[in-house]
Each structure stands twice: as structure tokens, then as C-alpha cells.
Amino acid sequence: MNLLYKPDWDETKERYRAFWAHEYFGRCALAVSAPLDNPPDGPPLPPRPATPYARWTDLDYAAACNDDHMRRTFYGGEAFPVWTVGYPGHTAIPAFLGCPTELDFDTGWWNPIVKGEGLAEEVLKLRVDRTCAWWRFTLEALRRAVRESAGRCIPSIGAFGGCGDTLAALRGTDRLLYDTVDRPEEVVAAEVYLMDMWCEVFEEFYRIVHPASEGSTCWFGFWSPGKTYAAQNDFSYMISPAMFRDLFLPIIERQTRFLDHTVYHVDGIEAFAHVPALCELPRLQAIQILPGAGKPSALHYLNTLKTVQKAGKNLQIYLSPEEVQPALEQLSARGLFISTWCRTEGEARALLANAARWSVDRG
């Protein structure tokens, strides 16, 4: 079924299926967005709510923002419209477990609640509070997303936690760094418990969004005909490759076994050291290489990009439109997913056509 804001959605889904299977379909995967040349008329955006809390919880405001953005946007290639309330942390596992969640107009953060010496003992006592306000809001938001998406776009399952990062939110990053040295076995026990919890939460959310998604998407913007999510461990930026392998890699592998399709979000150049370990995971289909704020584009780290491709994994990178051709001259288009943006719809359409000419399947 094609979508109002993505008229070629049926074709796009077939290209996603080929991408996940690491098949070449005539060009690299390319998600390119731009302002529509002739957007349809619509109501003006309402004023932004007066408080951060209202800004992130007013579902009528979220609906208006989503619709305003989507009807003005050209979604080319593998880009597609996603309905979301945003990801400041209020719809995530730390909030469901009782972490005080503070919001401002642009983001949010959690305050730790696991403060004693018995890390694993405290974490294993935690349960998702299905009566808490954030849990009830999240279910309401997902159901609203499904209703609003019907025939128009795809509802996001959200951004609700990851290996290492949920534990860092519960414990505090500084304390968890000490724990990795002082009580590594407790870190592993806590991580196993939290990943089992993560899988249970995913199942509940997936049952809501799957019928409207014909699969799923998350904060990352990849679509899958089954269960998909962007695995991550931003905490790993601060630890060694050996510690990452010992404490967290088995938990990430558990997540990939649960999901049908997984992309791993490698965020920051210090986390690039973990790429060889990630490439060993048999059920991890794709790896994103993201240098991080203030760093050069991903093309400045060709050795890391080629490590991913040589391992037979799909590779996702963000580039400017001007960098697409240089990337395709140096990387195989098979399994390569480039996300970019253009100033006009015409430029985006031209880039898609050129990408087909520039793409080479280098195996």
C-alpha cells in the first residue's frame, strides 16, 4: 500500500528487503529529503506549548507538527515519513523504572536511582511500572501514532533504551565507569536483566505499531518488514575494546537474536575501536558510522568504513549531497546506505538519478 506522503512506498519496501538481504538493486540505498516544490495547503502550525512538559506531551501539537513537516517534504529513494512525538527520554525504560525525567524544549535527561554498593541487587529489583504516567503516556502516544499514520506515513516504535546506556541512566555514567572495573560481573548481570526487559517492552510496543507499519521503524528511520531497532551503546565511547567485548558484546548479540533486522549506531570516533568486534556478530546486518559533533564527515574515516564492508555488513553514513559521488567512487554500493538532504526537490531527484550512474557493486 502506497502512502499519501510517500507515493512510491511499495517500491521502497522492496528495496529495503533487498538491502537487509545484502543484495544489490542497481544503486546504493539513498535516503534523500528536500522541501517539496509545491506542497499542499494546510493549517498553520499552532503556537508552541508554553512549558517543556506540554511541548512533549500535547499529542494534538505533535500531530500538527508531524503533518506540517510531512506535507512539505519530498521523501526520495529510501527516505520515508515517520510519525513520532520526539525522543527526549520520556518514553524510555529509565522513565518507566522510576528515574526522575527532566525535560526542556529541545531534549531531556534522567537522574540516577541506583546508588548503593549492590549494583546488580538493586537493578534486579526494578520493574517496569505500568501504572506510571510515562508508561501510560507512551502507550497513548503509540496508539495516536497508529491512528494518525493510517494511509499517510509510518509510526515510530520510539527510542526507549539500549545496551549500556539504560544502565548508565539508572546508575550515573561516572559510577558505572567505576563499576566496570570494581564489579564487572554485576554489570553483566544487570545488563542481562535489562536486555530481557528491553525485549519485553519492544514486544508490547510492536504489537501496537506493527499493523500500521507492515513491520516497524524506530528513531533511526530504517524500515523492516519485521522487528527492527538501532542497537547502541554510547557508554562504550569511554571503555576499551577488551572491556566492551567482555561486558557488553554478548548482550548486544542477544538483542540481534531477538530482532529480525538490526543496525548498530556507532556514535563518536572513540567508539570506532569497537567496530571489529561488532562485525563478528552474525545477526547484525548493518552498522552506522557516525563521527560525532564537530568531527569531519564519515568519508574521512575510510578505513573504518571499509572494515564494515569487508566484513560483509551493510554500512550507513550521513553525507552532504556533494559527497555522494566521492563516496561511491571509493565504496561498494552493495549494502551502502547514504542519508542526505537537498535544498530543492529537483536537486534531490537529480541526485537519485546520478547515484544510479555512480553506483558500482564492488562485491
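Here, the structure is the one placed above.
What comes next is a walk through the structure.

Analysis parameters
- Residues numbered from 1 in each chain as written.
- Predicted model: local features only at pLDDT ≥ 70, side-chain atom pairs only at ≥ 80, totals over all residues.
- Heavy atoms only, no water.
- Pairing = 2+ DSSP bridges.
- Helix = DSSP H or I, 4+ residues; strand = E, 2+ residues; numbered from the N terminus.
- Axes fitted to C-alpha atoms, helices over the stretch in contact; angles between N-to-C directions.
- Expected span 1.5 Å × (residues − 1).
- Buried < 20%, exposed > 50% of the residue type's maximum accessible area, 1.4 Å probe, protein only.
- Phe/Tyr/Trp six-rings, centres within 6.5 Å; stacked < 30°, edge-to-face > 60°.
- Lys NZ or Arg CZ within 6 Å of the ring centre and 35° of its normal.
- Polar contact = N/O pair within 3.5 Å; in protein donor to acceptor, adjacent residues only side chain to side chain.
- Contact = heavy atoms within 4.5 Å.
- Left-handed = near helix turned anticlockwise from the far one by under 90°.
- Nonpolar A, V, L, I, M, F, W, Y, C, P; charged D, E, K, R; others polar.
- Disulfide = S-S within 2.5 Å.
- Right-handed = clockwise from strand over helix to strand, strands pointing away.

## Section: the sheet that holds strand β13 (residues 336-341)
Working step 1: Ordered in space as β2-β1-β13-β12-β11-β10-β9, the seven strands form an open sheet in which the pairing is mixed. The open sheet has two edge strands, β2 (73-77) and β9 (228-232), and neither has a second partner. Between one strand axis and the next, the sheet turns through 20° on average, direction left out of account.
Working step 2: The pairing of strand β1 (residues 29-35) with β13 spans five bridges and is parallel. Each residue of the ladder has a partner; that of Leu30, found in β13, is Ile338.

## Looking at helix α1 (residues 9-20)
Working step 1: The first and last C-alpha atoms of α1 sit 16 Å apart over 12 residues, in line with the 16 Å expected at 1.5 Å per residue.
Working step 2: Taken as a whole, α1 has its buried residues at Trp9, Thr12, Lys13, Arg15, Tyr16, Ala18, Phe19 and Trp20.
Working step 3: Following α1 by one or two positions, His22 adopts a phi angle in the positive range, close to 60°.

## What about the packing of aromatic side chains?
Working step 1: One pass over the full model with this rule turns up 30 aromatic pairs.
Working step 2: When the centroid spacing of 5.5 Å and the interplanar angle of 75° are considered together, the rings of Trp9 and Trp223 count as edge-to-face. Residue Trp9 is located in helix α1, and its partner Trp223 is located in strand β8 (residues 223-224); the two are separated by 214 residues in the primary sequence. Each member of the pair, Trp9 as well as Trp223, is classed as buried.
Working step 3: Where Trp135 meets Phe205, the ring centres are 5.5 Å apart and the plane angle is 35°; that geometry is what we call tilted. Taken together, the residues Trp135 in helix α6 (residues 133-149) and Phe205 in helix α9 (residues 184-213) connect sequence positions 70 residues apart.
Working step 4: On the basis of relative accessible area, Trp135 is assigned to the buried category, the value being 2%.
Working step 5: Three or more aromatic residues joined by ring pairs make a cluster, and in this case those are Trp9, Tyr16, Phe19, Trp20, Phe80, Trp219, Phe220, Phe222, Trp223 and Phe337.
Working step 6: The ring of Trp56 carries the charged tip of Arg55 above its face, separated from the ring centre by 3.6 Å.

## Some details on the side chain of Thr228
Working step 1: In this fold, Thr228 is placed in strand β9.
Working step 2: Judged by relative accessible area, which is 1%, Thr228 ranks as buried.
Working step 3: Here His261 takes part through its backbone oxygen, which lies 2.8 Å from a polar atom of the side chain of Thr228.
Working step 4: Leave out the neighbours within four places in its chain, and Thr228 touches Trp20, Phe202, Ser216, Thr217, Phe222, Leu259 and His261.

## Describing the packing of helix α3 (residues 59-71) against α6
Working step 1: It is the contact of α3 with α6, at a shortest axis distance of 11 Å, that shows an interaxial angle of 35°. In the crossing of α3 with α6, the sense of the turn from one axis to the other is right-handed. Between α3 and α6, the residues in contact are Leu59, Asp60 and Ala63 and Phe137, Glu140, Ala141, Arg144 and Glu148, respectively.
Working step 2: Partitioned by chemical class, the residues of the contact of α3 with α6 number four nonpolar, no polar and four charged.

## Looking at the state of the cysteines
Working step 1: For the structure on display, the rule yields zero disulfides.
Working step 2: Of all cysteine sulfurs in the structure, the one in Cys153 sits closest to Cys65, which takes part in no disulfide; the separation is 14 Å.
Working step 3: A residue is classified by how much of its surface remains accessible, and Cys65, at 25% relative accessible area, is partly exposed.
Working step 4: Here Cys132 stays free of any disulfide, with the sulfur of Cys99 as its closest cysteine sulfur at 11 Å.
Working step 5: Owing to a relative accessible area of 15%, Cys132 belongs among the buried residues under this scheme.

## A short note on the pairing of strand β11 (residues 286-290)
Working step 1: Of all five residues in β11, four are buried, a share of seventy percent or more.
Working step 2: As judged from the five bridges shared by strand β10 (residues 261-267) and β11, these two strands associate in the parallel manner. Across the sheet, Tyr264 pairs through a bridge with Ile287, a residue of β11.
Working step 3: Here β11 runs beside strand β12 (residues 314-318); their pairing, made up of three bridges, is parallel. Paired with Ala286 across the strands is Asn314, a residue of β12.
Working step 4: On the question of chirality, the crossover connecting β11 to the parallel β12 by way of helix α13 (residues 302-310) is right-handed.

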